[in-house]
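# Coordinate inspection notes
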Amino acid sequence: MRGRHAAAFHTAKEELGLTDSLYLGLRTVPVDQIVGSVNRWRDFDARFRIKNRATMYRYQQIKQAVERGATLPPVSLYKVGDKYYVVDGNHRVAAAKEVGQTYIDAEVVEFFPPPDSELNLLWRERSIFEHKTGLSGIELTELGAYDKLLMQIEQYRQEESEALGIELTLRNALEPWHVMG
């Protein structure tokens, strides 16, 4: 048996008191941020290598497909902070990790702790901001700061829409930010 198990989602859920969730949709996720599984955490070690020999044939088929560059369906993940747990697609994730794939397509649902502390409220505000804008990596430390930034972005969107004579969506208006970031 190889090292300890992959991280278990139920452990994070209990430790952080996760209560609410938000469907984020199809995302491109860094493979190295996938740390565990919802139901199959015992089948993989901490580096997401197969421990369950009974599924090795299936894993080898998926790994060969990944190496050939085949398009595989997105995996399903739960997001907790900046870590992800596999709901469906454990073997696809294991293969991606082994071949050194950097990103993987995934349907993502994010889970949140209760809004009972400033840190947890900031976590929620940041996630909602990222969901609305598609911008990530912006770390603010004051409650309400994400809402203020969103208002500034909305003002920019309105000004750009008027200047261009077309109605821009929030994400269209943010395109230059994505390019610069």
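Above: the structure in question.
What comes next concerns the included structure. (Residues numbered from 1 in each chain as written. Predicted model: local features only at pLDDT ≥ 70, side-chain atom pairs only at ≥ 80, totals over all residues. Heavy atoms only, no water.)

### Considering the packing of aromatic side chains
Each aromatic ring pair is characterised by the separation of its centres together with the angle its planes make. By the definition in use, this model includes six aromatic pairs. Ring geometry for Phe 129 versus Tyr 146: centroids 5.4 Å apart, planes at 45°, classification tilted. With Phe 129 in helix α4 (residues 118-133) and Tyr 146 in helix α5 (residues 145-164), this residue pair connects regions lying 17 residues apart in the sequence. The class of Phe 129 is buried, set by a relative accessible area of 3%. In textbook terms, an aromatic cluster arises when at least three aromatic residues are bridged by ring pairs, as seen for Phe 9, Tyr 78, Tyr 85 and Phe 111. (Phe/Tyr/Trp six-rings, centres within 6.5 Å; stacked < 30°, edge-to-face > 60°. Helix = DSSP H or I, 4+ residues; strand = E, 2+ residues; numbered from the N terminus. Buried < 20%, exposed > 50% of the residue type's maximum accessible area, 1.4 Å probe, protein only.)

### Quick look at the side chain of His 91
Structurally, the position occupied by His 91 is in helix α3 (residues 90-99). The class of His 91 is buried, set by a relative accessible area of 5%. Setting aside its immediate chain neighbours within four residues, His 91 contacts Arg 40, Phe 44, Ile 50, Thr 55, Arg 58, Tyr 59 and Ile 62. (Contact = heavy atoms within 4.5 Å.)

### Topic: the nonpolar core
In this structure, Val 29, Ile 34, Phe 48, Leu 77, Val 93 and Ile 104 are the most contacted members of the largest nonpolar core, which totals 24 residues. Only β2 (20-30), α2 (56-68), β4 (75-80), β5 (83-88), α3 and β6 (103-112) provide two or more residues apiece to this core. Once residues within four sequence positions are removed from consideration, Leu 77 is found in contact with Val 29, Ile 34, Tyr 84, Tyr 85, Val 86, Val 87, Ala 106, Glu 107, Val 108 and Val 109. (Core = buried A, V, L, I, M, F, W, Y, C linked by side-chain atoms within 4.5 Å.)

### A look at the sheet that holds β6
Here we have six strands laid out as an open sheet, ordered β1-β3-β5-β4-β6-β2, and mixed in their pairing. Looking along the sheet, the strands with just one partner apiece sit at the ends: β1 (7-8) and β2. In the sheet, β4 pairs with β5 via five bridges, with the strands oriented antiparallel. Of the residues in β5, the one forming a bridge with Lys 79 is Tyr 84. Relative to β6, α4 is tilted by about 140°, and along the sheet it contacts β2, β4 and β6. (Pairing = 2+ DSSP bridges. Axes fitted to C-alpha atoms, helices over the stretch in contact; angles between N-to-C directions.)

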